[in-house]
Amino acid sequence: MTIYLKTGLLCGMILCVMHATLFAQYRPEKINKRARALYMDAQAALDMQNLTQAIAYLKMAVKADSQYLDAWAQLASIAFKQKDYPEAVIDFQRVMAIDSTYDPRLSYAYAKSLAGMGKFAEAIAYMHRYLQIPGLGSDEIALGKSWLQHFEIGLQTALQHHPFAPQNLGDSINSADPEYFPSLTVDGQTLVFTRNLHNQNEDFYISTWDAADSQWHRAVNLGPPVNTPENEGTGHISQDGRILIYAACNQPGGLGSCDIVYSVRTAQGWSTPVNLGPNVNSRFWDSQPCLSPDNHDLYFVSNRPGGYGGSDIYVCHLQPDGSWSKPENLGPNINTPGDETSPFIHADNQTLYFASNGWPGIGDMDLFYSRRQPDGSWSKPVNLGYPINTIDHDGTLFVAADGKTAYFASDRFNGYGQLDLYAFTLYPEARPIPTLYVRGTVYDSLTHQPLSASIDLIDVATDSLITRIHSDIHGQYLVTLPIGKIYAFHVSHPGYLFYSDQFSLINQKAYRPYEINIPLQPIRLHARMVLKNIFFDFNKYDLKPESKPELDKLVQFLKDNPTLHITIKGYTDSVGTASFNLTLSQHRAEAVMQYLIAHGIQANRLKAVGYGEAQPVASNETEEGRALNRRVEFEITEQ
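Reading the values: the criteria
- Residues numbered from 1 in each chain as written.
- Predicted model: local features only at pLDDT ≥ 70, side-chain atom pairs only at ≥ 80, totals over all residues.
- Heavy atoms only, no water.
- Phe/Tyr/Trp six-rings, centres within 6.5 Å; stacked < 30°, edge-to-face > 60°.
- Helix = DSSP H or I, 4+ residues; strand = E, 2+ residues; numbered from the N terminus.
- Buried < 20%, exposed > 50% of the residue type's maximum accessible area, 1.4 Å probe, protein only.
- Pairing = 2+ DSSP bridges.
- Contact = heavy atoms within 4.5 Å.
- Axes fitted to C-alpha atoms, helices over the stretch in contact; angles between N-to-C directions.
- Salt bridge = Lys/Arg side-chain N within 4 Å of Asp/Glu carboxyl O.
- Disulfide = S-S within 2.5 Å.

Draft legend 1. A look at the packing of aromatic side chains. All chains considered together, the criterion is met by 27 aromatic pairs. Between Phe193 and Tyr205, the aromatic rings sit 6.1 Å apart at their centres with planes inclined by 20°, giving stacked as the arrangement. Pair noted here: Phe193 is in strand S3 (residues 190-197) and Tyr205 is in strand S4 (residues 201-210), with a separation of 12 residues, a long-range link. Between Phe300 and Tyr314 the ring centres are 5.9 Å apart and the planes differ by 25°, which places this aromatic pair in the stacked class. Here the residue Phe300 occupies a position in strand S13 (residues 297-302), and Tyr314 occupies one in strand S14 (residues 312-317), the gap between them amounting to 14 residues. Residue class for Phe300 comes out buried when judged on its relative accessible area of 0%. According to the relative accessible area criterion, Tyr314 is buried, its value standing at 6%.

Below, the structure is given as structure tokens:
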């Protein structure tokens with residue numbers, strides 16, 4: 001008697017080829033009748049796509065007869081299809097222990113199950129065994145060889161022993177439906193993600209962090225006008241939480257199958273979405289957008305013609321008039337003849353994470369990272385390695401501003417649904433630059449009315465502009481600060497004195513955000529401000545190179561306001577003699593004045609006065625106070 005396995009929806013290369021009478025050791029006719037009846041019940045349940053019932057019948061069958069190989073093989077196949085690789089390995093091993101010749105083709109699924117557990121050396125051995133089976137088709141051989149290459153990469157990266165302990169975000173976030181594409185604000189307080197309701201409609205959900213209980217509040221549907229009866233997915237919330245940019249599919253008036261649109265968070269809720277238009281969108285598939293931390297660069301994925309593969313990563317740049325530039329392909333350092341998807345630019349604006357099946361990987365789709373080079377190009381991508389990447393589809397990653405905490409979607413066994421959101425600690429080599437932020441409100445110092453001001457962040461060491469943003473109509477702003485540098489921070493608005501500050505993050509270790517509300521002074525007689533980014537060596541008055549951004553800002557301010565006359569005032573702390581300090585302060589004020597003259601400001605608009613240790617603004621008993629007293633400021637003396 002020949003028994004053919006009825007595997008229902010699981011029927012495939014693994015089990016449908018089993019002809020039990022071909023093997024001498026296994027005698028299916030010797031299996032007791034109750035076990036065989038239960039097995040047939042399991043096949044009927046599989047035909048009805050009832051996996052839970054099928055597994056129950058199969059377990060009863062092997063309990064009734066522990067030598068029932070067909071039932072053990074079916075249990076192994078189901079566990080393999082469910083990606084419960086540890087259980088699949090156990091069941092496959094039971095099959096081989098009963099009859100090692102039962103079906104050599106099982107070695108393919110057994111090898112993948114071993115690889116799914118990270119046992120790549122054993123997986124390689126069993127895949128070689130599979131490839132030695134006589135009569136394999138060319139497609140089967142090609143697939144087996146392809147997985148051998150994946151396993152070898154897995155073995156190489158597994159030897160590096162990257163720690164990996166993903167934590168499910170829990171039932172406040174995850175459900176029986178798939179959740180994916182997580183995105184967080186820079187302060188880590190707001191999480192936006194996509195949920196595919198009943199696998200029929202993608203909607204956005206939002207949750208906020210409950211600091212008191214150290215957990216996420218229950219996620220709620222973002223609702224209209226963002227969510228519609230059509231699909232909205234693959235979104236990204238800006239670092240300041242004010243913009244949601246995402247892919248909207250099959251929308252009225254759309255340019256392609258999916259277009260990139262955005263909505264702005266207002267006091268009344270999310271605004272009506274706006275299509276980014278033909279400079280960004282095409283008549284093809286445009287999706288998976290991600291904004292840079294300053295909202296000036298837009299990364300996204302498209303399958304438009306002219307790329308390197310099926311889908312490529314592109315970038316557009318925000319123009320001074322508020323429009324977006326034409327898309328630029330990120331080039332062959334990122335894109336391949338395969339598919340590149342899920343771009344995420346970290347808050348450091350230097351580290352790009354993405355998924356690819358074109359670069360050598362462990363599975364179907366692996367996660368990679370690339371660093372921006374000094375010339376603006378991208379480094380060769382680095383595979384994040386096992387166990388972050390697996391033999392399965394690994395496709396989305398978001399790394400928090402601290403550079404340590406990563407979020408991803410996974411369909412690993414024992415989750416709440418098909419895809420759940422998880423968090424884990426990213427190993428050091430793959431981390432971006434930890435990034436702090438400064439945020440607050442810009443307002444008129446007299447009326448307290450908010451101001452939409454221009455905000456520049458400058459790398460003091462290189463005198464290069466890191467970012468330029470504007471506070472919104474409510475005066476609110478947020479600027480990210482990757483650690484390891486000294487920054488000059490300039491805020492300006494026509495008709496006002498500019499504001500300056502300094503952030504030295506050279507040795508910053510703790511995650512410390514800054515909250516700075518900025519009162520801008522209207523230009524008026526006797527208005528004065530401290531130049532916080534003017535630097536001198538100890539007891540000297542030669543301007544240090546790091547002073548250039550601040551001095552250039554003052555030059556531009558005076559050129560923009562050509563009728564103003566100012567007095568530049570120098571001050572010291574109380575260390576040293578009064579006469580020495582008076583002379584030092586005078587020379588420092590004059591050094592600033594000479595710089596202004598050398599850069600086109602008429603000498604008759606300027607005056608330099610040293611006050612020495614007079615007029616302290618803080619106690620000279622502490623170093624912090626003395627540092628505040630050592631200053632250069634200017635005062636408007638004529639309008």
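Draft legend 2. Local environment of the sheet that holds strand S1 (residues 167-168). With antiparallel pairing, four strands are arranged side by side in an open sheet as S1-S22-S21-S20. Each edge of the open sheet carries a strand with a single partner, namely S1 and strand S20 (397-399). Two strands pair when backbone bridges link them, and strand S21 (residues 405-410) and strand S22 (residues 420-425) are joined in this way by six bridges, in the antiparallel orientation. From the neighbouring strand, Ser410 faces S22, where its bridge partner is Asp420.

Draft legend 3. Broad picture of the side chain of Ser410. One can find Ser410 in strand S21. Look past the residues within four positions of Ser410 in its chain and what remains in contact with it is Gln418, Leu419, Asp420 and Tyr422.

Draft legend 4. Fine view of the sheet that holds strand S33 (residues 606-610). Here four strands make up an open sheet; going across it, the order is S31-S34-S32-S33 and the pairing mixed. The open sheet is flanked by strand S31 (528-530) and S33, the only strands paired with a single partner. Taking the axes of each pair of neighbouring strands and ignoring which way they run, one obtains an average angle of 20° across the sheet. Alignment of strand S32 (residues 565-571) against strand S34 (residues 631-638), held across seven bridges, turns out to be antiparallel. Considered in S34, the bridge of Lys569 is made with Glu633. Sheet contacts for helix H9 (residues 578-598): S32, S33 and S34; angle to S33, the most-contacted strand, approximately 160°.

Draft legend 5. View of the pattern of salt bridges. Counted according to the given criterion, the structure contains 21 salt bridges. For Arg626, the salt bridge goes to Glu623, with nearest N and O atoms at 3.4 Å. Placement of both Arg626 and Glu623 in helix H10 (residues 623-629) is noted, with a separation of three residues, approximately one turn of the helix. Classification of Glu623 by relative accessible area gives partly exposed; the value is 41%. Glu633 serves as the salt-bridge partner of Arg631, at 3.4 Å between the closest nitrogen and oxygen. For the pair formed by Arg631 and Glu633, the shared burial category is buried. Linked through salt bridges whose partners overlap, the residues forming this network are Asp573, Glu623, Arg626 and Arg630.

Draft legend 6. The arrangement of the state of the cysteines in detail. According to the stated counting rule, one finds one disulfide in the structure shown. The residue that forms a disulfide with Cys249 is Cys258, at a sulfur-sulfur distance of 1.8 Å. Disulfide Cys249-Cys258: the torsion about the S-S bond is 100°, which places it as right-handed. Residue Cys249 is classed as buried on the basis of its relative accessible area, which comes to 12%. Of all cysteine sulfurs, the one in Cys316 lies closest to Cys290, which takes part in no disulfide; the gap is 13 Å. Judged by its relative accessible area of 1%, Cys290 is buried.

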